[in-house]
Amino acid sequence: MSVEPDSAAAPEARWDAAAQEEQRGAGVPDSFQRLWTPHRMAYIKGENKPTGTGPGEGCPFCEIPGMSDEDGLVVARGEAVYAVLNLYPYNSGHLMVVPYRHVADYADLDAAETGELAELTKRALLALRKASGAQGFNVGMNLGGVAGAGIAAHLHQHVVPRWGGDTNFMPVVGRTKVLPQLLRDTRQLLADAWPQD
Ligand SMILES: [Zn+2]
């Protein structure tokens, strides 16, 4: 006697069901599920890195807006700035708020870009709290390669949600980040939770 898996169930339903199961070795379960992150291997192998510093030299932040929301992992689009999931997240739900314009220095943003970057950062906090119950955030920018920017030529504001216990033995001992959810599922959750005007 077997039980048929309900493959037609909505993704949300599958997450909810799984959320009630004990997660082993990945901390306290929350609304984001724990999964391994094989996509980080792409980062280790150097994929998606620009070939130069210009906008036409493979800059992912210039290319993402031309993709569908699903393919680009875009959560929200403003007039001058958009919000996108980080492909190599520090934590589940790691968002970036990015100007459409290929600009490296925050001091070079115009007034509209500056204002909307702030506004979308606020909405990112609200969406992450609503979708995931984030208890805290790390928010900020690394400007310049020496400051740790992976793609220094096109600035981006990081919004990293934090939960108590999210730094556990896995990143510390295993040097492997355990992430709660597949990126496409995360994108949909956050897009649904994103505050509208
Ligand atoms: Zn760019």
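Before any of the text, the structure's been laid out above.
Report on the accompanying structure. (Residues numbered from 1 in each chain as written. Predicted model: local features only at pLDDT ≥ 70, side-chain atom pairs only at ≥ 80, totals over all residues.)

1. Side note on the sheet that holds strand S2 (residues 81-85)
The following threshold applies: Two strands form a pair only when DSSP identifies at least two bridges running between them. For the purposes of this entry, the term helix denotes a DSSP run of H or I that reaches at least four residues, the term strand denotes a run of E that reaches at least two, and both are numbered from the N terminus. To define axes, lines are fitted to C-alpha atoms, for helices over the stretch in contact only, and angles between the resulting N-to-C directions are given on a 0 to 180 degree scale. Any pair of residues counts as being in contact when their C-beta atoms, constructed from backbone geometry, are within 7 Å of one another.
Strand order in the open sheet formed by five strands is S1-S2-S3-S5-S4, and the pairing between neighbours is antiparallel. For this open sheet the edge positions go to strand S1 (74-77) and strand S4 (136-140), each flanked by a neighbour on one side alone. With direction set aside, neighbouring strand axes in the sheet form an average angle of 15 degrees. Note that S4 and strand S5 (residues 157-162) share five bridges and pair antiparallel. Opposite Asn138, over in S5, you have Val160 as the bridge partner. Sheet strands touched by helix H7 (residues 183-193): S1 and S2. Its angle to S1, the strand with the most contacts, is close to 30 degrees.

2. Here we look at the packing of helix H5 (residues 111-132) against H7
In a packed pair of helices, the relevant descriptors are the angle between the two axes and the axis-to-axis distance. In plain terms, the rule: Under this scheme an angle from 65 to 115 degrees is roughly perpendicular, one under 35 degrees roughly parallel, and one over 145 degrees roughly antiparallel; angles in between are oblique. By convention, the crossing between two helices is left-handed when the near helix turns anticlockwise from the far helix through less than a right angle, and right-handed when the turn is clockwise. Residues are grouped as follows: nonpolar covers Ala, Val, Leu, Ile, Met, Phe, Trp, Tyr, Cys and Pro; charged covers Asp, Glu, Lys and Arg; every other residue, Gly included, is treated as polar.
Taken N-terminus to C-terminus, the directions of H5 and H7 make an angle of 115 degrees; their axes are 8 Å apart at the nearest point. With respect to H7, the axis of H5 lies roughly perpendicular. Where H5 crosses over H7, the handedness of that crossing is right-handed. On the side of H5, the interface is formed by Ala127, Leu128, Lys130 and Ala131, while H7 contributes Leu189, Leu190 and Ala193. Along the lines of polarity and charge, the residues of the contact of H5 with H7 split into six nonpolar, no polar and one charged.

3. Topic: unusual backbone geometry
Backbone phi values are negative for most residues with the exception of glycine, while trans is the configuration of most peptide bonds. Using the following cut-off: Put simply, a residue is buried when 20 or more other C-beta atoms lie within 10 Å of its own C-beta and exposed when 12 or fewer do; between those, it is partly exposed, and each C-beta is set from the backbone.
Of note in the backbone geometry, Leu73 takes a positive phi value of approximately 60 degrees without being a glycine. Along the chain, Leu73 turns up in the loop between helix H4 (69-72) and S1. By the C-beta count within 10 Å, which is 22 here, Leu73 ends up buried.

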